[in-house]
Amino acid sequence: MNNQPDQKSYTPQETPCLICGSQNFVWGRTVGESVSQWVYFRADGAGWGEGEKLRTRKCLDCNNVQLFTYD
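Note that the coordinates shown come from a computational prediction; the quantities given were computed from them, not determined experimentally.

Participant: Any chance you could break down the overall build of the chain for me, citing the residues and the numbers?
Facilitator: A count of helices and strands for the chain gives zero helices and four strands. Starting at the N terminus and ending at the C terminus, the chain contains elements arranged as β-β-β-β. When burial is assessed residue by residue, the chain has 15% of its 71 residues classed as buried. Considering only residue pairs separated by 6 or more positions, the chain has 42% of its internal contacts joining residues 24 or more positions apart.

Put into structure tokens, the structure is as follows:
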């Protein structure tokens with residue numbers, strides 16, 4: 001028996017909230033101490049300067065926040 005979730009290919013804009021199933025979001029970005037300072041994902045073993053800027057999505061129904069990398 002396969003208990004894996006349906007593996008449809010969703011874009012972040014189409015993917016429902018993993019907590020409540022809502023699609024009512026506000027999009028934003030992560031920032032550091034300064035508004036102009038981005039937060040990045042950098043894989044283990046990656047060097048300085050390697051990484052991807054992170055984007056955030058907040059569910060307006062349950063307040064869950066998710067991180068996404070930019071395309």
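Still to come is the rest of the account.
Participant: Before we move on, could you go through unusual backbone geometry and cite the residues and values that matter?
Facilitator: Positive phi, normally seen in glycine, also occurs at N63, with a value near 70°. With respect to the helices and strands, the residue N63 is situated in the loop between β3 (52-59) and β4 (65-69).

Participant: Tell me about the environment of V39, and please be specific about residues and values.
Facilitator: Within the element layout of this structure, V39 appears in the loop between β1 (25-29) and β2 (40-41). Between the alpha carbons of V39 and L54 there is a distance of 6.0 Å; along the sequence they are 15 residues apart. The residues contacting V39, other than those within four sequence positions of it, are T30, V31, G32, E52, K53 and L54.

Participant: Quick rundown of the side chain of S22? Include the residues and the values.
Facilitator: Counting through the fold element by element, S22 comes out in the segment before β1. Among the polar contacts made by the side chain of S22, one reaches the side chain of D61 at a distance of 2.5 Å. In contact with S22, not counting residues within four places along its chain, are P16, C17, C59 and D61.

Cut-off values and rules
For every chain, the first residue of the written sequence is number 1, and numbering continues from 1 along that sequence. Totals for whole chains, interfaces and linings use all residues, but because this is a predicted model, local features are given only for residues with pLDDT of at least 70 and pairs of side-chain atoms are given and counted only at 80 or more. Side-chain numbers come from the whole structure's heavy atoms, not from hydrogens or water. By definition, any uninterrupted DSSP run of H or I lasting at least four residues is a helix, any uninterrupted run of E lasting at least two residues is a strand, and each is numbered from the N terminus. We call a residue buried when its accessible area falls under 20% of the maximum for its residue type, exposed when it is over 50%, and partly exposed in between, using a 1.4 Å probe and counting protein chains only. Should any heavy atoms of two residues lie within 4.5 Å, those residues are counted as being in contact. Any pair of N or O atoms that falls within 3.5 Å is considered a polar contact. Within protein, one atom must be able to donate a hydrogen and the other to accept it, and sequence-neighbouring residues count only if both atoms are side-chain atoms.

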